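Overview (structure and organization)
Residue-level listing of the chains:
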Amino acid sequence: QVKLVESGGGLVQAGGSLRLSCAASGRTFSTSVMGWFRQAPGKEREFVAAINWSGARTYYADSLKGRFTISRDNAKNTVSLQMNSLKPEDTAVYYCAADSSSTYPERGAYKYDYWGQGTQVTVSS
């Protein structure tokens with residue numbers, strides 16, 4: 001069992017940065033693939049980034065490469081998403097998720113068995 005709580009969302013101007021954090025509790029965090037997804041109003045949830053258990057492997061949505069960086073600290077049971085050069089189209093609720101079964105980072109939401117409640121990110125133009 002993994003419980004996930006996101007933080008760090010808010011309102012930022014276009015071109016700005018935000019750092020999202022996800023605090024995890026549960027024994028399986030350090031062995032889980034962790035991912036970030038987002039969902040904008042009226043749109044389906046989409047994959048943002050994922051990281052394997054050690055942090056050695058990462059996987060990004062093609063459209064976000066170079067602007068977003070995922071990282072994790074297993075000693076602190078946290079996973080973070082650094083978001084730079086934000087655009088209004090990045091506005092969404094961002095969710096942290098844990099995949100306790102996979103070895104490599106996965107983009108499919110169906111792979112993830114634990115989800116946080118989400119944190120709102122709003123980018124103004």
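Above this text you will find the structure in question.
A few points on the structure. Computed from a predicted structure; not experimentally measured. (Residues numbered from 1 in each chain as written. Predicted model: local features only at pLDDT ≥ 70, side-chain atom pairs only at ≥ 80, totals over all residues. Heavy atoms only, no water.)

A short note on the sheet that holds strand 7 (residues 68–73)
Here is the rule we go by: When DSSP locates at least two bridges between a pair of strands, those strands are taken to pair. Going along the chain from the N terminus, every DSSP run of H or I of four or more residues is numbered as a helix, and every run of E of two or more is numbered as a strand. Lines fitted to the C-alpha atoms define the axes, with helices restricted to the stretch that makes contact. Angles between their N-to-C directions range from 0 to 180 degrees.
Ordered in space as 1-3-8-7, the four strands form an open sheet in which the pairing is antiparallel. Strands at the two margins of the open sheet, each flanked by one partner only, are strand 1 (3–7) and strand 7. Across the sheet, the mean angle from the axis of one strand to that of its neighbour is 15 degrees, orientation sign disregarded. Across six bridges, the pairing between strand 3 (residues 18–25) and strand 8 (residues 78–83) is antiparallel. In the sheet register, C22 faces strand 8, and the bridge partner there is V79.

Comments concerning the pattern of salt bridges
The cut-off we apply is this: Any carboxyl oxygen of Asp or Glu that lies within 4 Å of a side-chain nitrogen of Lys or Arg is treated as forming a salt bridge with it. The classification of residues rests on relative accessible area computed with a 1.4 Å probe and restricted to protein chains. Under 20% of the type maximum is buried, over 50% is exposed, and intermediate values are partly exposed.
In this structure the tally under the stated criterion is four salt bridges. A salt bridge links D90 to R38; the shortest N-O distance between them is 2.9 Å. Here D90 is found in the loop between strand 8 and strand 9 (92–99), whereas its partner R38 is found in strand 4 (residues 33–39), with 52 residues between them in sequence. In terms of burial, D90 and R38 fall into one category: buried. The partner of R67 in a salt bridge is D90, with the nearest N and O atoms 2.8 Å apart. Residue R67 is located in the loop between strand 6 (58–60) and strand 7, and its partner D90 is located in the loop between strand 8 and strand 9; the two are separated by 23 residues in the primary sequence. The class of D90 is buried, set by a relative accessible area of 1%. One network of salt bridges, in which partners are shared, links R38, E46, R67 and D90.

Here's the deal with the packing of aromatic side chains
As a reminder of what qualifies: The pairing test for Phe, Tyr and Trp rings, Trp by its six-membered ring, is centres within 6.5 Å, and the orientation test on the planes gives stacked under 30 degrees, edge-to-face over 60, and tilted for anything in between. Two conditions define a charge sitting above a ring: the NZ of Lys or the CZ of Arg must be within 6 Å of the ring centre, and it must be within 35 degrees of the ring normal.
What the rule picks out here adds up to five aromatic pairs. Geometrically, the ring pair formed by F37 and F47 is edge-to-face, given 5.7 Å between the ring centres and 70 degrees between the ring planes. Placement of F37 in strand 4 and of F47 in strand 5 (residues 46–51) is noted, with a sequence separation of 10 residues between them. Residue classification places F37 among the buried positions, given a relative accessible area of 1%. R45 extends its terminal NZ or CZ atom over the ring of Y95, reaching a point 4.0 Å from the ring centre. Note that R45 overlies the ring of W115, its terminal NZ or CZ placed 4.7 Å from the centroid.

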